[in-house]
Amino acid sequence: MKDINIEKSSIDEVGFIDVAIDPTLDLFAEIERLKKEKNAIILAHYYQEPDIQDVADFIGDSLGLAQQAEKTDASIIVFAGVHFMAETAKILNPGKKVLLPDLKAGCSLSDSAPPALFKMFRDKYPDHLVITYVNCSAGMKALSDIICTSSNAQKIIESLPKEQQIIFAPDKNLGAYLNKVTGRNMVLWNGSCMVHEIFSLEKITKLKVRHPKALVIAHPECEEVVLAVADYIGSTTGLLKFSQQSDANEFIVATETGILHQMQKSNPFKTFIPAPPNNSCACNDCPHMKLNTLEKLYLCMQYEQPEILMDETLRIAAAKPIERMLQISKKYGL
Ligand code: 13P
Ligand code: SF4
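Residues numbered from 1 in each chain as written. Chains lettered and ligands numbered in written order. Predicted model: local features only at pLDDT ≥ 70, side-chain atom pairs only at ≥ 80, totals over all residues. Heavy atoms only, no water.

A. Main features of the sheet that holds strand β3 (residues 76-80). Here we have four strands laid out as an open sheet, ordered β2-β1-β3-β4, and parallel in their pairing. Strands with a single pairing partner mark the edges of an open sheet, and in this sheet they are β2 (58-60) and β4 (97-99). Taking each pair of neighbouring strands and ignoring which way they run, the sheet shows an average axis angle of 20°. The pairing of strand β1 (residues 40-45) with β3 spans five bridges and is parallel. Opposite I41, over in β3, you have I77 as the bridge partner. (Pairing = 2+ DSSP bridges. Helix = DSSP H or I, 4+ residues; strand = E, 2+ residues; numbered from the N terminus. Axes fitted to C-alpha atoms, helices over the stretch in contact; angles between N-to-C directions.)

B. Geometry of the site of ligand 1. Near ligand 1 you find 14 residues, and of these H45, S62, S150, H219 and T236 are the closest. The side chain of H45 places a nitrogen or oxygen atom 2.7 Å from an oxygen atom of ligand 1. In the model, an oxygen atom of ligand 1 is placed 2.9 Å from a nitrogen or oxygen of the T236 side chain. Split into classes, the residues belonging to the shell around ligand 1 amount to four nonpolar, eight polar and two charged. (Near = heavy atom within 4 Å. Polar contact = N/O pair within 3.5 Å; in protein donor to acceptor, adjacent residues only side chain to side chain. Nonpolar A, V, L, I, M, F, W, Y, C, P; charged D, E, K, R; others polar.)

C. A nonpolar patch on the surface, seen in detail. There is a patch of nonpolar side chains on the surface, built from L201, V225 and V229 and spanning about 210 Å² of accessible area. If you trace the backbone, V229 turns up in the loop between α12 (224-228) and β10 (232-233). (Patch = residues over 30% accessible without salt bridge, like charges linked within 9 Å, V, L, I, M, F, W, Y side chains within 5 Å. Areas by Shrake-Rupley, 256 points an atom, 1.4 Å probe, with all protein chains shown as cover. Salt bridge = Lys/Arg side-chain N within 4 Å of Asp/Glu carboxyl O.)

D. Focus on the pairing of β3. The buried count for β3 comes to five of five residues, which makes it a mostly enclosed element. Side chains I76, V78 and A80 project from β3 onto one buried face, and the interleaved I77 and F79 project onto a second face that is buried too. As paired elements, β3 and β4 share three bridges and run parallel to each other. Looking at the pairing, I76 lines up with K97 of β4. Between the parallel pair β3 and β4, the chain is carried across by helix α5 (residues 83-92), and the sense of this crossover is right-handed. (Buried < 20%, exposed > 50% of the residue type's maximum accessible area, 1.4 Å probe, protein only. Right-handed = clockwise from strand over helix to strand, strands pointing away.)

E. Highlighting the sheet that holds strand β12 (residues 271-274). Taken together, the four strands give an open sheet; going across it, the order is β10-β9-β11-β12, and neighbouring strands pair in parallel fashion. Looking at which strands have only one partner, the edges of the open sheet turn out to be β10 and β12. Pairing of strand β9 (residues 215-218) with strand β11 (residues 250-254) involves four bridges; the strand directions are parallel. Paired with L215 across the bridge in β11 is F251. Of the strands in this sheet, β9, β10, β11 and β12 are in contact with helix α13 (residues 236-245), which crosses β9 at around 155°. (Contact = heavy atoms within 4.5 Å.)

F. Broad picture of the pattern of salt bridges. With the rule as written, the count across this model stands at 14 salt bridges. Close ionic contact of E304 with K38 constitutes a salt bridge, the shortest N to O distance being 2.8 Å. In this pair, E304 is assigned in the loop between α15 (294-303) and α16 (312-331) and K38 in helix α2 (residues 27-38), connecting sequence segments 266 residues apart. Between E304 and K97 there is a salt bridge, and its shortest N-O distance comes to 2.7 Å. On the criterion of sequence distance, the pair formed by E304 in the loop between α15 and α16 and K97 in strand β4 is long-range, its members being 207 residues apart. Classification of K97 as partly exposed rests on a relative accessible area of 26%. If you follow the salt bridges from partner to partner, you end up with E30, R33 and E37 in one network.

G. Structural view of unusual backbone geometry. Omega for the peptide link from A169 to P170 comes to -10°, which places this bond in the cis form. For P170, the position within the fold is in the loop between β7 (166-169) and α10 (172-182). Here the bond from Q305 into P306 is cis, since omega is -5°, no more than 30 degrees from zero. In this fold, P306 is placed in the loop between α15 and α16. One non-glycine residue with positive phi stands out, namely N39, at about 50°. Relative to the elements of secondary structure, N39 occurs in the loop between α2 and β1. Exposure remark for N39: the relative accessible area of 38% places this residue in the partly exposed category. Although it is not a glycine, E304 adopts a positive phi angle of roughly 55°. Of the residues examined, E304 reaches a relative accessible area of 16% and is grouped as buried.

H. Structural detail: the pairing of β11. With four of five residues buried, β11 is to be regarded as a mostly interior element. Pairing geometry for β11 and β12, over four bridges, is parallel. Bridged to E250 within β12 is T271. In this view, the connection linking β11 to its parallel neighbour β12 by way of helix α14 (residues 259-266) has right-handed handedness.

In structure tokens:
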């Protein structure tokens, strides 16, 4: 490690290692060197910027990343994603160092479910099982029976007896979609993702007029009106696979724009159009995901900071519903 004293309090304040980098450094080569030197693995979500995706050892959706975090034998996990994802990796790997390039990379959906409020809500339904979407804090996970992601939520719900009553949190759009496809009547927490709620049905409709052969593909965190016009609905991995397997050549993509990098890379001759937001700025970029940069990734590997640290009692409580999710996913080959 370089001989420089990084105060923990300064990282807590800005969220990342704030040190100038020599602009002549080849960060791609430096990151590869650090991976080998430190036996580190980089796990990146599809919503990360293209440069980060290109240096990652594994790129995936929330389920794929949790599965990789569970099985890696690397000593250091560098999580290029948001806080709840890195926290999930730490919950599954208490003995490993888990790093997040910017500690302030949060999630509006996770923030929409404060554990203290959710506990009061949950206590009103003592006979209900709590299924919680992985986009939540460790405190929320500790209040849950089973965690799910957008890849396995339907299967997890269908694995439970029909008469089992369920609370689903925190995403109301995903919850409403799951109620529709499973025929359940789950009680929904009123949370949502700021990125997936921004798409404009009117602008998607106009795009469809200009590109009549384009298929609309959407993440289930989108609002019901957008899902109603989608030709395919799935997790980020599901959307990517669909774009690879479909005979169509044009797609209107209703999710965060980061996924377009892998879509374009694996389908160089197909056209991917980001679904437009209901305003004029690029708000379908997740501002939390995009806090991570290649520079911050390099510095966090160099200085092994910021690190995810957790209270052990909370970690053990949060691990149970995640392990239940991973077991059910394994059973169904997900
Ligand atoms: P998936 O990774 O499960 O597709 O979820 C998307 C998302 O919003 C992650 O923050
Ligand atoms: Fe959270 Fe939405 Fe960003 Fe995903 S895209 S991290 S759900 S705010």
